[in-house]
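Tertiary structure, described
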Amino acid sequence: DARVTQTPRHKVTEMGQEVTMRCQPILGHNTVFWYRQTMMQGLELLAYFRNRAPLDDSGMPKDRFSAEMPDATLATLKIQPSEPRDSAVYFCASGSEAGASNQPQHFGDGTRLSIL
Amino acid sequence: GQQLNQSPQSMFIQEGEDVSMNCTSSSIFNTWLWYKQDPGEGPVLLIALYKAGELTSNGRLTAQFGITRKDSFLNISASIPSDVGIYFCAGLLYNAGNMLTFGGGTRLMVKP
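All of the points below concern the structure found in this document. Only a predicted model underlies this, so the values are computations on that prediction, with no experimental measurement involved.

A word on the sheet that holds strand β1 (residues 5-7) of chain B
Residue and element names in this part refer to chain B. Strand order in the open sheet formed by five strands is β1-β3-β8-β7-β6, with antiparallel pairing between adjacent strands. Edge positions in the sheet fall to β1 and β6 (55-58), since each of these pairs with one other strand and no more. Neighbour-to-neighbour, the strand axes of the sheet open up by a mean angle of 15°, direction not taken into account. Pairing analysis gives five bridges linking strand β7 (residues 61-65) to strand β8 (residues 71-76), with the strands arranged antiparallel. Paired with Thr62 across the strands is Asn75, a residue of β8.

Structure follows, in structure tokens:
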């Protein structure tokens, strides 16, 4: 089965360091999503791309977070500088959106981030 | 952002029992999805519903798209220990592209 691949699976670093999380969407999918999951807030949408163009990043703290899709096979989420409150599990999901025919999002296994 | 109201928040049941959980919203959705998340993994799609009134099964799981388009339920029959996890409903609003609205999750615990 095709899967969304996220790296790294785990990341522990000190506050102030730059963190980069990567995602390889399922081949052929044209939408990519970044989510953050915490016990308190549940699943929060951070960014949404369609055909590599950012459509919605209203859920993302702009001062320290950035999301990009350098090409159709790679999405990145960067935090600079990182803070302890950024500790969470970050999920990438991809789907297919084509007119009236949408394919549901499929999730990667996440990056578990701990900022000390 | 907008949230779906998912209930119950948690369930602790005996193996073999049936389980029911649901999601409601004040908005109309044109797609309902149910995901399951195991510890340390990402949510996995269980069932997708595309038409109001649609009833779909996947093994011991059955889900329905409410006729008002504002709710959905998921039933699990004859629960087993591997059903343990967090179940999320998600809805797709008309003209929202592929962007989902998620429920808060139902944490299911099964006692052998």
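Looking at the environment of Ile47 of chain B
All names here are of chain B. Here Ile47 lies in strand β5 (residues 44-49). According to the relative accessible area criterion, Ile47 is buried, its value standing at 3%. The spatial distance from the C-alpha of Ile47 to the C-alpha of Leu100 is 14 Å, given a sequence separation of 53 residues. When near neighbours in sequence (up to four residues on either side) are disregarded, Ile47 contacts Trp32, Leu33, Trp34, Thr56, Ser57, Asn58, Leu61, Thr62, Ala63 and Leu74.

Quick look at the sheet that holds strand β8 (residues 74-79) of chain A
Residue and element names in this part refer to chain A. An order of β1-β3-β8-β7 is seen for the four strands of this open sheet, with the pairing classed as antiparallel. Bordering the open sheet on either side are β1 (5-7) and β7 (65-71), each of which pairs with just one other strand. Between one strand axis and the next, the sheet turns by 20° as a mean value, whatever way the strands run. Note that β7 and β8 share five bridges and pair antiparallel. Looking at the pairing, Asp71 lines up with Leu74 of β8.

A word on unusual backbone geometry
Residue and element names in this part refer to chain A. Cis geometry is adopted by the peptide bond preceding Pro81, which originates at Gln80 and carries an omega value of -5°. Although it is not a glycine, Arg52 adopts a positive phi angle of roughly 75°. Along the chain, the position of Arg52 falls in the loop between β5 (42-50) and β6 (53-56). On the basis of relative accessibility, which here comes to 41%, the residue Arg52 falls in the partly exposed class.

So, the nonpolar core
Within the largest apolar cluster, 22 residues are counted, with the highest numbers of intra-cluster contacts made by Met21, Trp34, Leu77 and Tyr90 of chain A. For Met21 of chain A, the residues in contact, after removing those within four places along its chain, are Thr7, Trp34, Ala75, Thr76, Leu77, Ile79, Tyr90, Thr111 and Leu113 of chain A. Core analysis: the second largest hydrophobic core is formed by 21 residues, Ile47, Phe65, Leu74 and Val110 of chain B among them.

Details of the pairing of strand β4 (residues 31-38) of chain A
β4 of chain A sits mainly inside the fold: seven of its eight residues count as buried. Linking β4 of chain A back to β5 of chain A in an antiparallel pair, the connection comprises three residues.

Comments concerning the pattern of salt bridges
Following the criterion strictly, the structure yields eight salt bridges over all chains and no others. The closest approach of N and O atoms between Arg64 of chain A and Asp86 of chain A, which form a salt bridge, is 2.6 Å. One end of the pair, Arg64 of chain A, is in the loop between β6 and β7; the other, Asp86 of chain A, is in the loop between β8 and β9 (88-98), and 22 residues separate them in sequence. Of the two residues examined, Arg64 of chain A and Asp86 of chain A, each falls in the buried class. Salt-bridge contacts for Asp38 of chain B lead to Lys36 of chain B; the nearest nitrogen and oxygen are separated by 3.1 Å. Look at the salt bridges and you will find they share partners, linking Arg64, Glu83, Arg85 and Asp86 of chain A into a network.

The rules we used
Residues numbered from 1 in each chain as written. Chains lettered and ligands numbered in written order. Predicted model: local features only at pLDDT ≥ 70, side-chain atom pairs only at ≥ 80, totals over all residues. Heavy atoms only, no water. Pairing = 2+ DSSP bridges. Helix = DSSP H or I, 4+ residues; strand = E, 2+ residues; numbered from the N terminus. Axes fitted to C-alpha atoms, helices over the stretch in contact; angles between N-to-C directions. Buried < 20%, exposed > 50% of the residue type's maximum accessible area, 1.4 Å probe, protein only. Contact = heavy atoms within 4.5 Å. Core = buried A, V, L, I, M, F, W, Y, C linked by side-chain atoms within 4.5 Å. Salt bridge = Lys/Arg side-chain N within 4 Å of Asp/Glu carboxyl O.

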